[in-house]
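Read off the chains here:
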Amino acid sequence: MKQLVILGGGESGIGAALLGKLKKYNVFLSDSGKITNNYKDVLINNEIEWEDGGHTESKILTADLVVKSPGIPDHLTIVQKLQYATIPVVSEIEFAALNTTANIIGITGSNGKTTTTMMVYHILKHAGLDVAMGGNIGQSFAKQVLTKTANYVLELSSFQLDGIKNFRPNIAVITNITPDHLDRYDYKFENYIASKFRIIMNQTSDDYLLYDSDDEIITSYIKSHQIQSTLVPFSLSKIVTNGTYLEQNNIITEFNNRDVIMPISNLALEGKHNVKNAMAAATVAHLMKIRKATIRESLEGFQGAEHRLEQVLTINKVKYINDSKATNVNATYYALESMNVPTVWI
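Each chain has its residues counted from 1, running along the sequence as written. Where local features are concerned, this predicted model is filtered to residues with pLDDT of at least 70; where side-chain atom pairs are given and counted, the filter is 80 or more; whole-chain, interface and lining totals use all residues. In computing side-chain values, all of the structure's heavy atoms are included and hydrogens and water are not.

Novice: So what about the side chain of Thr-108? Which residues, and what values?
Specialist: Here a strand is any run of E in DSSP of at least two residues, a helix any run of H or I of at least four, and the numbering for each starts at the N terminus. Mapped onto the elements, Thr-108 comes out in strand β6 (residues 103-108). Engagement of the side chain of Thr-108 in a polar contact is seen with the side chain of Lys-196, the distance being 3.0 Å. Polar contacts here mean pairs of N or O atoms no more than 3.5 Å apart (in protein, one a potential hydrogen donor and the other a potential acceptor; neighbouring residues in sequence count only if both atoms are side-chain atoms).

Here it is as structure tokens:
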């Protein structure tokens, strides 16, 4: 029986451990910190060996395969020793993908990836497709793979993408790229950009890359690198071929023919950034041959993610909005840009 070691006892680690057990690995999970009681209960109930508060190197270095949680950086001593011993170390995303043949939609970006992921899932669910959502949102991809599903919509962080080798989404989306998490990338923006583009490293011309063609970082990378994927741009500022754009405040998709999806005034979420998120989601749905009426109905009824421009209540004609997930400058900029009344920012 092959030995699978999981480093990290959070959502992705627990999901990978459960999937490893299902796939008949001998599983050992190790966390240098404390594993929460609810996750400990899962491990105990499934008879999976585990430890927390430190790593037992003698047990870890006998692994045939190691799944590393995305929050663990490569420079840690135990990871370095695994690499020196040439033991494969992959992300939970990679491990889960190895164990499914489903259609995969992968969505990354510095901002907007959560909302876009939720939008795509909402549309596909509304269309009646067999679909699950996971990755960097909700349940881990590995946990979702425990129950067979035809389609997976995954939010993917750069940390998750750093640990892939053969992961290949059928449809990839890059919402935008702005400087973020640079401490993890030797304070080099180009390293972070390359990390985001790992989402397409295994794609072929049969697969699609949807991208914001108004984003100079993305378009510059595409122009200077050989991309195998079929390129599908979306834009607020110009008409694009084989993609999605705005015309007289209507979202238009144009591939073999021109389809008017909906006026942006009908979108449930406000702001230019959410128009782009909706364009990306509508384009994914179009590629999956979802009826435009279904796409329109879904986007008109989509309520958005918690803590992202979430309307809390109104007191004396003053609207209170929770945007606590705006954790970088660009996210805050997009939020403030979408306001059209006097705004107090706390």
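So much for the structure itself; the text now carries on.
Novice: Quick rundown of the environment of Ile-222? Include the residues and the values.
Specialist: Along the chain, Ile-222 turns up in helix α10 (residues 216-224). Burial classes follow relative accessibility: with a 1.4 Å probe on protein chains only, a residue under 20% of its type's maximum area counts as buried, one over 50% as exposed, and anything between as partly exposed. According to the relative accessible area criterion, Ile-222 is buried, its value standing at 12%. In sequence terms Ile-222 and Val-66 are 156 residues apart; their C-alpha atoms lie 32 Å from each other. Any two residues whose heavy atoms approach within 4.5 Å at even a single point are treated as in contact. Leaving out residues up to four positions away in the same chain, Ile-222 has contacts with Phe-197, Leu-209, Tyr-211, Ile-227 and Leu-231.

Novice: Which residues make up the pairing of strand β1 (residues 3-7), and what values do they have?
Specialist: Counted residue by residue, β1 has 5 buried out of 5 residues, so it is predominantly covered. Alternating residues of β1 divide into Gln-3, Val-5 and Leu-7 and Leu-4 and Ile-6, and every residue in both groups is buried. DSSP bridges decide pairing: two strands pair if at least two such bridges lie between them. Note: β1 against strand β2 (residues 26-31), 5 bridges, orientation parallel. If you follow Gln-3 over to β2, its bridge partner there is Asn-26. Note on handedness: a crossover is taken as right-handed if, strands pointing away from the viewer, the path from the first strand over the helix to the second is clockwise. Handedness of the crossover joining β1 and β2 through helix α1 (residues 11-22) is recorded here as right-handed. Taken together, the 4 bridges between β1 and strand β4 (residues 65-68) define a ladder with parallel strand orientation. Residue Ile-6 lies in a different strand from β4, and its bridge partner there is Val-67.

Novice: Got a sec to walk through the layout of surface pockets? Specific residues and values, please.
Specialist: Here the second largest pocket is characterised by a volume of approximately 380 Å³. Around the second largest pocket sit 23 residues that line it, and Lys-68, Pro-73, Asp-74, Asp-162 and Arg-184 are the ones nearest its centre. At the level of elements, α4 (77-84), α8 (158-162) and α9 (189-197) are the ones that each hand at least two residues to the lining of the second largest pocket. Here the lining of the second largest pocket takes 3 residues from α4, the largest share from any one element. Here a cavity denotes a set of grid points, spaced 1 Å apart and computed over the protein atoms alone, in which a 1.4 Å probe fits but from which it cannot get out, and a pocket denotes an open set meeting protein on both sides within 12 Å along at least five of seven lines; residues with an atom within 4 Å of a point are reported as lining. Grid points are joined across faces, edges and corners, and a volume is the space filled by probe spheres set on the points.

Novice: So what's going on with the packing of helix α6 (residues 113-126) against helix α11 (residues 272-287)? Residues and values would help.
Specialist: For helices, the axis comes from a line fit to the C-alpha atoms of the stretch in contact; other axes are also lines fit to C-alpha atoms, and the angle between any two N-to-C directions lies between 0 and 180 degrees. Taken N-terminus to C-terminus, the directions of α6 and α11 make an angle of 40°; their axes are 9 Å apart at the nearest point. If you check the angle between α6 and α11, you find them oblique. Viewed along their axes, α6 and α11 form a crossing whose handedness is right-handed. On the side of α6, the interface is formed by Thr-115, Thr-116, Met-119, Val-120 and Ile-123, while α11 contributes Asn-274, Asn-277, Ala-278, Ala-280, Ala-281, Ala-282, Val-284 and Ala-285. For this classification, the nonpolar set comprises Ala, Val, Leu, Ile, Met, Phe, Trp, Tyr, Cys and Pro, the charged set comprises Asp, Glu, Lys and Arg, and every other residue, Gly included, is treated as polar. Per-class residue counts for the contact of α6 with α11 are 9 nonpolar, 4 polar and no charged. Geometric relationships in this document are graded by angle, where less than 35 degrees denotes roughly parallel, more than 145 denotes roughly antiparallel, 65 to 115 denotes roughly perpendicular, and other angles denote oblique. The handedness criterion is simple: a crossing whose near helix is rotated anticlockwise from the far helix by less than a right angle is left-handed, and one whose near helix is rotated clockwise is right-handed.

Novice: Go over the sheet that holds strand β10 (residues 208-212) with me, naming the residues and quoting the values.
Specialist: The strand order β7-β8-β6-β9-β10-β11-β12-β13-β14 describes an open sheet built from 9 strands, whose pairing is mixed. At either margin of the open sheet sits one strand with a lone partner, and together these are β7 (131-135) and β14 (258-263). On average, adjacent strands in this sheet sit at an angle of 20° to one another, irrespective of strand direction. In this sheet, strand β9 (residues 171-174) lies alongside β6 in parallel orientation, the contact comprising 4 bridges. Considered in β9, the bridge of Gly-106 is made with Ala-172. Across the face of the sheet, α11 comes into contact with β6, β9, β10, β11 (230-235), β12 (243-247), β13 (250-254) and β14 while running at roughly 165° to β10.

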